[in-house]
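# Tertiary structure, described
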Amino acid sequence: MGVLEIKDLYFTYGGSDTPALNGLSLRVDEGEFFGITGPTGAGKTTLACCINGLIPHFYRGRLQGRVLVFGEPVGESTPARLARSVGSVFQDAESQVICADVEQEVAFGLENMGFSPREMEERIQTALELVGLSGFRQRPTAWLSGGEKQRLAIAAALAPLPRVLVLDEPTSELDPLGTREIFQVLRRLNREMGMTIIIMEQKTDYLAAFADRMLVLEAGRAVLEGSPAAVMRQQADLDRVGVRVPDVARLALMLGIGRDENLPLTVDHGRSLVEKWLQKRGQSPFHTGKLIS
Ligand SMILES: Nc1ncnc2c1ncn2[C@@H]1O[C@H](COP(=O)(O)OP(=O)(O)OP(=O)(O)O)[C@@H](O)[C@H]1O
């Protein structure tokens, strides 16, 4: 089933002459882990706002084209109705976190959606555990670091278990370990609970390793779409647009290893391909520790 269908979408913010989205078409199916990347200003945040209804319900501008979420035009729904099926995590966690303490922050959305106190308790606990904030339940939100606020914003968005989660650069304040943990949480939600994940992210190392499918935006247009391996093979296009090809993929492309979908996107995969490549050439990986360690 189509979770999201976008057809010929144009959007220009009020007061601007340049379209932020410029003829975009896109389909995301239920259960996909879909990654969207692109350089600064490519239109990632604008696209997220078109999916969660902030455009056209909050931001004004010229909108043309069709955005359907679960078959319903976003413009004809309301942000409150959309929020039942679409959980949102915004880029700026600072402004998304509004309650005095961690527990209240996660409870806020659940309360508005009419969950019983027992259900709320269960969901708060699970959501905080998933993002690694169990020990922070009573902590004032003003005391949280930027990364902890991002984790909290994710917990609040996933607690109602929406069918789709749209996240706009949710790991921008997190270090590599924190970023990996968040991607692992998203993978669990996707694989174990069937939640559709749509994530805007510039950290392509993680996006390529975790997404089922990817889209690259440039100046509001789709320039590449496909499996992470298919997208990352287009190194020249990505270099031109300003999207980073993960080092492991770049090395494999340089050595000519990992054909088609077998292009390595994780270090473990890359390492095993390089070991095979060396063995074929009669060079034991043990004698070339510098290359592979
Ligand atoms: N509220 C606004 N009013 C006018 N123009 C805007 C507004 N928000 C974004 N834009 C413009 O729309 C274009 C797309 O911006 P958008 O924030 O969607 O890009 P992005 O890919 O998310 O960038 P980043 O990675 O820097 O967050 C940019 O040219 C930006 O300047």
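Here the structure is shown first, and the text comes after it.
Now for a description of the structure that goes with this document. Source: prediction; values computed, not measured.

## Comments concerning the pairing of strand S9 (residues 213-218)
It is a general feature of regular strands that their side chains alternate between the two faces of the sheet. Alignment of strand S3 (residues 33-37) against S9, held across four bridges, turns out to be parallel. From the neighbouring strand, phenylalanine 34 faces S9, where its bridge partner is arginine 213. Looking at chain direction, S9 and strand S10 (residues 221-226) are connected through five bridges and run antiparallel. Among the inter-strand pairings, leucine 217 is bridged to a residue of S10, identified as alanine 222. Here S9 hands over to S10 after two residues, with alanine 219 in that stretch at a positive phi of 45°.

## Some points on the pairing of strand S7 (residues 164-168)
Burial runs high along S7: five of the five residues are buried. Relative to S7, strand S6 (residues 86-89) is paired through four bridges, and the arrangement is parallel. From the neighbouring strand, glycine 87 faces S7, where its bridge partner is leucine 165. Remark: the S7/helix H8 (residues 176-193)/strand S8 (residues 196-200) crossover connection has right-handed handedness.

## Looking at the packing of helix H5 (residues 102-112) against helix H7 (residues 146-158)
Where H5 meets H7, the closest approach of the two axes is 8 Å, and the angle between their N-to-C directions is 30°. Viewed along their axes, H5 and H7 adopt a mutual orientation that is roughly parallel. The two elements H5 and H7 cross, and the hand of that crossing is right-handed. Within the contact between the two elements, H5 uses Val102, Glu105, Val106, Phe108 and Gly109 and H7 uses Leu152, Ala155 and Ala156.

## A closer look at the nonpolar core
In a soluble, globular protein the nonpolar side chains are often hidden away together inside. By size, the foremost hydrophobic cluster in this structure holds 82 residues, and its most contacted members are Ile51, Val106, Ala155 and Ile198. For this core, the element with the highest residue contribution is H7, accounting for seven residues. Residue assignment places this core across two domains, with domain 1 (2-99 + 161-242) and domain 2 (246-293) each supplying three or more. Discounting residues that sit within four places of it in the chain, isoleucine 198 has contacts with Leu4, Val28, Phe34, Ile36, Ile51, Val164 and Val166.

## Some remarks on unusual backbone geometry
In terms of backbone geometry, most residues other than glycine have negative phi values and most peptide bonds are trans. A cis amide bond, omega 10°, links isoleucine 55 with the succeeding residue proline 56. Here proline 56 lies in helix H2 (residues 54-57). For leucine 161, which is not glycine, the phi dihedral falls at a positive 50°. Within the secondary structure, leucine 161 is located in the loop between H7 and S7. Located in the positive-phi region is glutamate 169, a residue other than glycine, with phi close to 40°. Mapping glutamate 169 onto the fold places it in the loop between S7 and H8. Glutamate 169 gets classed as buried once you count the C-beta atoms within 10 Å, which come to 21.

The rules behind these values
Residues numbered from 1 in each chain as written. Predicted model: local features only at pLDDT ≥ 70, side-chain atom pairs only at ≥ 80, totals over all residues. Pairing = 2+ DSSP bridges. Helix = DSSP H or I, 4+ residues; strand = E, 2+ residues; numbered from the N terminus. Buried ≥ 20, exposed ≤ 12 C-beta atoms within 10 Å, placed from the backbone. Right-handed = clockwise from strand over helix to strand, strands pointing away. Axes fitted to C-alpha atoms, helices over the stretch in contact; angles between N-to-C directions. Parallel < 35°, antiparallel > 145°, perpendicular 65-115°, else oblique. Left-handed = near helix turned anticlockwise from the far one by under 90°. Contact = placed C-beta atoms within 7 Å. Core = buried A, V, L, I, M, F, W, Y, C linked by C-beta atoms within 7 Å. Domains from an automatic or database assignment.

Read these as layout, nothing more, since geometry by itself doesn't imply function.
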